[in-house]
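Structural overview for review
If you want the building blocks of each chain, they are given just below.
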Amino acid sequence: MAIERTFSILKPDATRRNLTGAINALIEKTGLRIVAQKRVRMTRAQAETFYAVHNARPFFGELVESMIAGPVVVQVLEGEGAIKAYRDVLGATDPKKAEPGTIRAEHAISVGENSAHGSDAVETAQVEIAQWFSGNEIVG
Ligand code: UDP
Ligand code: MG
């Protein structure tokens, strides 16, 4: 499998509970490398753009509110098959359905406050990384 890059967000429910280190430890245990990382506060417009694919869904308003409720940590992760590898360690969107040991099973509060985001495909990873990082901020 090829070396890929994926985009990750440690969401406000994670930063609020001081879980950024605990989640990074789970990421690094899989072998994925954190090749870019910064703590930012998303604006409403940035959150709406980031989750535009969901803008017709009933949970969209709550989703945007939850993403701007506090700081987030945006990251680029690199490794073999990084997109699937990160989705695997994230666990299911609904933490009640997530496998034990995954980030969401261990740390998420609810479907809405599920601690972290991971890109779902190569194309979305490229778009999401470009939204938050310039080339020279990523150090592989
Ligand atoms: N979400 C929600 N309610 C739902 C489905 C999703 O609040 O019924 C939120 C949740 O925070 C999720 C995000 O919207 O992480 C994006 O949804 P998606 O289906 O893309 O899940 P993910 O890719 O994050 O697993
Ligand atoms: Mg998604």
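See the structure printed just above.
A brief report on the enclosed structure follows. (Residues numbered from 1 in each chain as written. Chains lettered and ligands numbered in written order. Predicted model: local features only at pLDDT ≥ 70, side-chain atom pairs only at ≥ 80, totals over all residues. Heavy atoms only, no water.)

1. Thoughts on the site of ligand 1
For ligand 1, the full set of nearby residues is Lys 11, Tyr 51, His 54, Phe 59, Leu 63, Arg 87, Thr 93, Arg 104, Val 111, Gly 112 and Asn 114. Contacts to ligand 1 include Lys 11, whose side-chain N or O atom sits 3.0 Å from an oxygen atom. Between ligand 1 and Arg 87, the relevant distance is 2.8 Å, taken from an oxygen atom to a side-chain nitrogen or oxygen of the residue. In the complex, 77% of the free accessible area of ligand 1, which totals 500 Å², lies under the protein chains. (Near = heavy atom within 4 Å. Polar contact = N/O pair within 3.5 Å; in protein donor to acceptor, adjacent residues only side chain to side chain. Areas by Shrake-Rupley, 256 points an atom, 1.4 Å probe, with all protein chains shown as cover.)

2. Quick word on the packing of aromatic side chains
Enumeration over the complete set of coordinates arrives at 2 aromatic pairs. With centroids separated by 4.9 Å and ring planes inclined at 80°, the aromatic side chains of Phe 50 and Tyr 51 adopt a geometry described as edge-to-face. For the pair Phe 50 and Tyr 51, one class covers both residues: buried. Taken together, the ring pairs connect Phe 7, Phe 50 and Tyr 51 into an aromatic cluster. (Phe/Tyr/Trp six-rings, centres within 6.5 Å; stacked < 30°, edge-to-face > 60°. Buried < 20%, exposed > 50% of the residue type's maximum accessible area, 1.4 Å probe, protein only.)

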